[in-house]
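# What the coordinates show
Here's the letter readout for the chains.
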Amino acid sequence: MSLLINNDVTRRLLAMDEVVPLMDDAFEQLGNGDAAFEMRTDIWSPTAHKNGDFYRWGGLTGAIRDPPRLTFRFKSDILRWEDDGHGNQVEKTHNGKPGRFMGFILLIDTSTGELLALLNDGIIQHYRVGATVGVACDHLAREDAETVGVLGSGGMARAYV
């Protein structure tokens, strides 16, 4: 039996301070040969529209031995480039219509092959990237560090901090 876990449930039940040690463990398993991953794959295709939009399918897969899990993250986007009002072209993505997005994660039990859950990735993708940065900071920052600096902005900036 598999579960559908949406972004609202994830937001209520998951906290970044819980995710960082899990990501650290996953990296340790990878270093020990007890995990595997497939590099992110993006497939780009022109849309049927003549306005320069592209369709992008993205996929990312990883597995760990303990617990025996595989995740497959995928997303489906329409990309367009728009002027930001200052003469710069910025990438805008959406699914269906502007402001809507579609990304999912399949969670598989690798000891049985069973699909355990289908998860919206809106919150989890920020936690995944932010926790990776957190692991790097835990291992690379000086012990007496008290200040953090973040270059950039947007949705991921909060996850990094």
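Keep in mind the model is a prediction, meaning the values are calculated, not measured. (Residues numbered from 1 in each chain as written. Predicted model: local features only at pLDDT ≥ 70, side-chain atom pairs only at ≥ 80, totals over all residues. Heavy atoms only, no water.)

### As for the side chain of Arg73
Relative to the elements of secondary structure, Arg73 occurs in strand E4 (residues 69–83). A residue is classified by how much of its surface remains accessible, and Arg73, at 12% relative accessible area, is buried. A polar atom in the side chain of Arg73 sits 2.6 Å from the side chain of Asp121. Residues within four places of Arg73 in sequence aside, it is in contact with Gly58, Gly59, Leu60, Phe104, Ile105, Asp121, Gln125 and Arg128. (Helix = DSSP H or I, 4+ residues; strand = E, 2+ residues; numbered from the N terminus. Buried < 20%, exposed > 50% of the residue type's maximum accessible area, 1.4 Å probe, protein only. Polar contact = N/O pair within 3.5 Å; in protein donor to acceptor, adjacent residues only side chain to side chain. Contact = heavy atoms within 4.5 Å.)

### Topic: the packing of aromatic side chains
One pass over the structure, following the stated rule, counts 6 aromatic pairs. With a centroid separation of 6.0 Å and an interplanar angle of 65 degrees, the aromatic rings of Trp44 and Phe54 are classed as edge-to-face. With Trp44 in strand E2 (residues 35–46) and Phe54 in strand E3 (residues 54–64), the pair connects residues that are 10 residues apart, well separated along the chain. In this structure Trp44 comes out as partly exposed when scored by relative accessible area, which is 42%. Taking relative accessible area as the criterion, Phe54 reaches 29% and is therefore assigned partly exposed. Grouping aromatic residues by their ring pairs yields a cluster made of Trp57, Phe72, Phe74 and Phe104. (Phe/Tyr/Trp six-rings, centres within 6.5 Å; stacked < 30°, edge-to-face > 60°.)

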